[in-house]
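A structural walkthrough
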Amino acid sequence: MSNGILEKHGGVIKNLALWSTKAVFDAIDTLSDGMLNSCPYNNLTDGIYIDRDIVYELNKPQVCLFDRYFTPEKSGTPAVIIIHGGGFSSGDKRHRRGLARFFASEGYSVFCVNFSLMGKCCFPEPIGELVRAVNHIGDNADLYGIDENKIYITGDSSGAYYAAMLGAFMCDSGINELVGEKLRYPVAGLILNCGIYDLETALNNKVGFITGGIIDGFFNDYSGRCMPTDFIDGNFPPTFLVFSERDVFCKGQGEAMQKKLLDCGVYTESYKARHAYSNHCFCLFWRGEDASAANELMRSFVRRLSCGKINVD
């Protein structure tokens, strides 16, 4: 096919790939919602309260929302912010309610956040929205009963990209100027689950129509070609990393991120899936040896970090 024809039809092909990406991740969330939210740690009578659809940015009240999970008798608790995945083009906070209840049952105040999706905005708008979400939560620490110095962020898949980008605000990298926002509260720790962090690794591992569509659309239009590994230095927050070498969407990303963190002297713990059936974001499905092990280690990491039992110096 000639270059002229490729240029003429490239936009159509890319849009079709991105539409397919959204459809695939919408279907995954819909079909797996029961498994995602049947956390065996959760007790439906555990006294957890939920405030839904709290607006954190007044000029985007239909998009910039979060659900808050909390136990009302507690105050000054650490906060956990959950950023959902969905191929950058799909996903919703409601599909992470099992994970939210898991952390809330551990005594944390939890905030499941929505933000702008690919196709409806451009870089760096979603990152700016998430910075403003963190700032809103920190500014209202007394209202939400949290310790603004103990804010932990977790994300899965594309949500892990965003969580890592928020962590980069702790680094001496100039990301504040790039995004045009200042993060006013420290990110005390990160939990990154099967995310995309490194451009070179992603481009070398494009697999299939859907994955190629994510990469082409995301990198060209939506990310500004900025990746977390571009910004990481020794000030990056302590990190718990979950990944699978068989990951159909993010193959090689966990290994690349782990190497970058260790090379920069960042305190890092990790879990790499041992079984062939453990694929993308396996620990969100709660069942199986890998999921159980990863979630227990994740729980221990946040507990020790919030209690000052991890020396990150």
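That block above? That's the structure.
Below is a short write-up of the structure.

Scoring rules and cut-offs
Residues numbered from 1 in each chain as written. Predicted model: local features only at pLDDT ≥ 70, side-chain atom pairs only at ≥ 80, totals over all residues. Heavy atoms only, no water. Salt bridge = Lys/Arg side-chain N within 4 Å of Asp/Glu carboxyl O. Helix = DSSP H or I, 4+ residues; strand = E, 2+ residues; numbered from the N terminus. Buried < 20%, exposed > 50% of the residue type's maximum accessible area, 1.4 Å probe, protein only. Disulfide = S-S within 2.5 Å. 1 Å grid on protein atoms, 1.4 Å probe; cavity = no way out; pocket = protein on both sides within 12 Å on 5 of 7 lines; lining within 4 Å. Points joined across faces, edges and corners; volume = space filled by probe spheres on them. Pairing = 2+ DSSP bridges. Axes fitted to C-alpha atoms, helices over the stretch in contact; angles between N-to-C directions. Contact = heavy atoms within 4.5 Å. Core = buried A, V, L, I, M, F, W, Y, C linked by side-chain atoms within 4.5 Å. Phe/Tyr/Trp six-rings, centres within 6.5 Å; stacked < 30°, edge-to-face > 60°. Lys NZ or Arg CZ within 6 Å of the ring centre and 35° of its normal. Parallel < 35°, antiparallel > 145°, perpendicular 65-115°, else oblique. Left-handed = near helix turned anticlockwise from the far one by under 90°. Nonpolar A, V, L, I, M, F, W, Y, C, P; charged D, E, K, R; others polar.

Okay, the pattern of salt bridges next. Pairs can form between side chains of opposite charge once their charged atoms are near each other. The final tally for this structure, using the stated rule, is 20 salt bridges. Between arginine 132 and glutamate 181 there is a salt bridge whose closest N-O contact spans 2.3 Å. Of this pair, arginine 132 sits in helix H3 (residues 125-139) while glutamate 181 sits in the loop between helix H6 (175-179) and strand E6 (187-193), placing them 49 residues apart in sequence. Arginine 304 serves as the salt-bridge partner of glutamate 269, at 2.9 Å between the closest nitrogen and oxygen. Note that glutamate 269 is positioned in strand E8 (residues 268-272) and arginine 304 in helix H10 (residues 289-306), a separation of 35 residues in sequence. Given the relative accessible area of 16%, glutamate 269 is considered buried. Arginine 304 gets classed as partly exposed once you look at its relative accessible area, which sits at 25%. Three or more residues are tied together by salt bridges with common partners; here these are Arg52, Asp53, Asp67 and Lys93.

A word on the state of the cysteines. Following the criterion strictly, the structure yields zero disulfides and no others. The closest cysteine sulfur to the non-disulfide-bonded cysteine 283 is located on cysteine 194, 6.4 Å from its own sulfur. Judged by relative accessible area, which is 5%, cysteine 283 ranks as buried.

Attention now goes to the layout of surface pockets. Unoccupied space between atoms shows up once a probe the size of one water molecule is rolled over them. Of the pockets and cavities examined, the second largest pocket occupies roughly 220 Å³. Forming the walls of the second largest pocket are 17 residues, and the residues nearest its centre are Phe25, Ile28, His280, Cys281 and Phe285.

Let us look at the sheet that holds E6. The sheet built from eight strands is open, its strands ordered E1-E2-E4-E3-E5-E6-E7-E8 with mixed pairing. Looking at the sheet topology across the chains shown, the edges are occupied by strand E1 (49-55) and E8. If you compare each strand with its neighbour and ignore which way they point, the axes differ by 15 degrees on average. For strand E3 (residues 77-83) and strand E4 (residues 109-113), the ladder comprises five bridges, and the chain directions are parallel. Looking at E4, one finds that alanine 79 is bridged to serine 109. Helix-sheet contacts for helix H5 (residues 158-167) involve E3, strand E5 (146-156) and E6, and the interaxial angle to E5 is about 140 degrees. Of the strands in this sheet, E3, E5, E6, strand E7 (239-243) and E8 are in contact with H10, which crosses E8 at around 170 degrees.

On to the environment of leucine 190, then. Summarising the element assignment, leucine 190 is placed in strand E6. The class of leucine 190 is buried, set by a relative accessible area of 0%.

This part covers the nonpolar core. Residues Ile81, Ile83, Ile153, Leu192, Phe236 and Met257 are the most contacted members of the largest nonpolar core, which totals 56 residues. For this core, the element with the highest residue contribution is H5, accounting for seven residues.

The next subject is unusual backbone geometry. Between phenylalanine 123 and proline 124 the backbone carries a cis peptide bond, its omega angle lying at 0 degrees. Structurally, proline 124 is set in the loop between E4 and H3. Of note, tryptophan 286 is a non-glycine position whose phi angle comes to about 70 degrees, a positive value. Looking at the secondary structure, you find tryptophan 286 in the loop between E8 and H10. Here tryptophan 286 falls in the buried class, since its relative accessible area comes to 3%.

Tallied over the full model, the rule gives 15 aromatic pairs. An angle of 75 degrees between the planes, with centres 5.2 Å apart, marks the rings of tyrosine 161 and tyrosine 162 as edge-to-face. Of the two residues, tyrosine 161 and tyrosine 162, both sit in the buried class. Through successive ring pairs, a cluster of aromatic residues spans Tyr56, Phe66, Phe111 and Tyr144. Lying across the ring of phenylalanine 70, arginine 68 places its NZ or CZ 3.7 Å from the centre.

Running from amino to carboxyl end, helix H2 (residues 97-105) crosses H10 at an angle of 45 degrees, the nearest separation of the two axes being 11 Å. Comparing the axis directions of H2 and H10 gives the class oblique. Seen along the crossing, H2 lies across H10 with a hand that is right-handed. Mapping the contact onto sequence places Leu99, Phe102 and Phe103 in H2 and Asn295, Met298, Arg299 and Val302 in H10. Of the residues that constitute the contact of H2 with H10, the class distribution is five nonpolar, one polar and one charged.

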